[in-house]
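Inside the fold
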Amino acid sequence: MAAPATPPLAPAARGVRNVVFVEGVRTPFGKAGDKGMYAGTRADDLVVNAIRELLRRHPELPPERVDEVAIAATTQTGDQGLTIGRTAALLAGLPKSVPGFAIDRMCAGAMTAVTTTASGIGFGAYDIAIAGGVEHMGRHPMGEGVDPNPRIVADKLVDPTALVMGQTAENLHDRFPEITKERTDAFAARSQERYAEAVKTGKIGPELVPVATRSKELGWGLATEDEPPRPGTTVEQLAKLKTPFRPHGRITAGNAAGLNDGATAAILADEDTARELGLPIGMRLVGYSFAGVEPEVMGIGPVPATEKLFQRTGLSIEDIGLFEINEAFAVQVLAFLDHFGIADDDPRVNQWGGAIACGHPLASSGVRLMTQLARQFAERPDVRYGLTTMCIGIGMGGTVIWENPAYNGSEGAK
């Protein structure tokens, strides 16, 4: 008996479509803890503020046209739980017809919220989505309430140090002894310097969403700028800091991102839909990739993720004109740069500083990287492609390549 013929595609089926990043915003990032500016602020209210700001900035977007809201959180409990994508959408005033969901890939939560909804847009399941992330590490420290299966260590599936991020960074130093503490301290000081200059010149600031805060001692306030930066930090000062993860180690509070609170959100759209509604096009998605590595050296994750993506897209490191690399630890950024033969102080890399200066509220950081890259694209029509990448806890890396819609065909990127 002959096999039945394959039925034709449904009439409504669509081919792969171009996905664009319209705009991203974020709250100012705070220091985690009782003395941090968000100590009295709910986590969900942080991301609600970000979503509301996107809608305020884009009145040309009818709220009912939003097809999905994806919000990431690493510690999904308390005011970061209860399917936060859905509850945040409702609290932000989106119609009840707009669905939402929560997502988790540790530090790459917001990045995964973007790539997941972007896949839906490219496939034709959505026209417009909001993606972002939130982390209130003051209320919910990383690992709060988790119960790792004892077999993970007992069966030697991973090294015991894999579950402590600072120890994995020390392991990375062991694997790449040419990355010295002097190099990581110099990179960290430069991150602080570049961030301070970006704030001074107005590069960083327009994407920030003011957030009302409340303190038992100070009453009501307004968060308008990042709390973690330490302007004027010197290599000499960094050299004197303690190494909490290993005696005579190399990881310190100065060459790593801190514990932070904050939220991000972005609008993604099908390119034709964006043009129909008059939405700006900040950048165009080229491709993305995630890769797994040994959990005990999770900081090397961006390297195989990027190599994998180059193979899929046909691009190479020479095609990338701007890099936004999450600075969970300076050693992790330098491992990436060394692999691709890029200088520690290359002006294409984190030109406005990074997480060592402004903070890293875990699941929210991916959209911060994208937001900064989109703003840099607008200033650099000579750059065609940019890259956002980050290491991910428990041994992964994620990379997304974007195209500059303002590219004018010149060769300035190289």
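Residues numbered from 1 in each chain as written. Predicted model: local features only at pLDDT ≥ 70, side-chain atom pairs only at ≥ 80, totals over all residues. Heavy atoms only, no water.

Counting its regular elements, the protein chain contains twelve helices and twelve strands. Considered along the principal axes of its C-alpha atoms, the protein chain spans approximately 70 × 55 × 50 Å. The buried share among the 414 residues of the protein chain stands at 57%. Within the protein chain, contacts between residues separated by at least 24 positions form 80% of all contacts whose residues are at least 6 apart in sequence. Here the protein chain has roughly 17,400 Å² of accessible surface; of this, 55% comes from carbon and sulfur atoms. For the protein chain, the distance from the average site of its 40 positive side-chain charges to the average site of its 50 negative ones is 2 Å. (Helix = DSSP H or I, 4+ residues; strand = E, 2+ residues; numbered from the N terminus. Buried < 20%, exposed > 50% of the residue type's maximum accessible area, 1.4 Å probe, protein only. Contact = heavy atoms within 4.5 Å. Areas by Shrake-Rupley, 256 points an atom, 1.4 Å probe, with all protein chains shown as cover. Lys, Arg positive; Asp, Glu negative; His and termini not counted. Charge placed at Lys NZ, Arg CZ, Asp CG, Glu CD.)

Two numbers describe how helix α6 (residues 181-200) lies on helix α10 (residues 330-339): the axes approach to 9 Å, and their chain directions differ by 100 degrees. When the axes of α6 and α10 are compared, the pair comes out roughly perpendicular. Contacts from R183, T184 and F187 in α6 reach A330, V331, V333, L334 and D338 in α10. Looking at the contact of α6 with α10 residue by residue, the class counts come to five nonpolar, one polar and two charged. (Axes fitted to C-alpha atoms, helices over the stretch in contact; angles between N-to-C directions. Parallel < 35°, antiparallel > 145°, perpendicular 65-115°, else oblique. Nonpolar A, V, L, I, M, F, W, Y, C, P; charged D, E, K, R; others polar.)

Glancing now at the nonpolar core. Of all hydrophobic cores here, the largest spans 39 residues; its most connected members are F310, F323, F329, F336, L337 and I401. Of all the secondary structure elements, the ones that give two or more residues to this core are α5 (165-175), α6, α9 (302-313), β10 (320-325), α10 and β11 (385-392). Looking at which element gives the most residues to this core, the answer is α10, with seven residues. Filtering out sequence-adjacent residues up to four positions away, F323 remains in contact with I317, F336, I342, R348, V349, N350 and L387. The next biggest cluster of nonpolar side chains, apart from the first, holds 38 residues, and it includes V48, A88, V209 and A263. (Core = buried A, V, L, I, M, F, W, Y, C linked by side-chain atoms within 4.5 Å.)

The next point concerns the side chain of E170. By the element assignment, E170 lies in helix α5. Given a relative accessible area of 0%, E170 falls into the buried group. Of note is the side chain of E170, whose polar atom sits 3.0 Å from the backbone nitrogen of I251. Those residues within four positions of E170 in sequence are excluded, and the remaining contacts are F245, R246, G249, R250 and I251. (Polar contact = N/O pair within 3.5 Å; in protein donor to acceptor, adjacent residues only side chain to side chain.)

A few words now on the pattern of salt bridges. Scanning the model with the defined rule gives 24 salt bridges in all. Here D382 and R380 are joined by a salt bridge, their closest N and O atoms 2.9 Å apart. Residues participating in the shared-partner salt-bridge network are E271, R275, R284, R384 and E403. (Salt bridge = Lys/Arg side-chain N within 4 Å of Asp/Glu carboxyl O.)

Checked against the element boundaries, I84 lands in helix α2 (residues 84-91). Looking at I84, the relative accessible area reads 0%, which means it is buried. When the C-alpha positions of I84 and A102 are compared, they lie 5.5 Å apart, and in sequence the two are 18 residues distant. Filtering out sequence-adjacent residues up to four positions away, I84 remains in contact with D44, V47, I71, D79, A102 and V134.

A separate point is the UniProt feature "active site" (unreviewed entry) in the protein chain. Per the UniProt entry, the sites bearing "active site" (unreviewed entry) are C107, H360 and C391 in this numbering. Spatial clustering of the annotated residues is evident: they stretch over 285 residues in sequence, but the largest pairwise C-alpha distance comes to 12.0 Å. Following the sequence through the fold, C107 ends up in the loop between β4 (100-103) and α3 (109-123). Each residue touching C107, except ones within four places of it in the same chain, is listed here: T74, H360, L362, A363, M390, C391 and I392. (UniProt positions renumbered as here; feature names shortened; annotations may be inferred.)

Moving on to a nonpolar patch on the surface. A cluster of nonpolar residues, V153, L163, V164 and F245, forms a patch on the protein surface that exposes about 290 Å² of accessible area. Tracing the sequence through the fold places L163 in the loop between α4 (151-154) and α5. On the accessibility criterion, L163 (43% relative accessible area) is partly exposed. (Patch = residues over 30% accessible without salt bridge, like charges linked within 9 Å, V, L, I, M, F, W, Y side chains within 5 Å.)

What follows is about unusual backbone geometry. Backbone geometry at T83 places phi at a positive 45 degrees, although glycine is not the residue there. Locating T83 in the fold gives a position in the loop between β3 (68-72) and α2. One non-glycine residue with positive phi stands out, namely I394, at about 70 degrees. Following the sequence through the fold, I394 ends up in the loop between β11 and β12 (396-403). I394 sits in the partly exposed class, given a relative accessible area of 49%.

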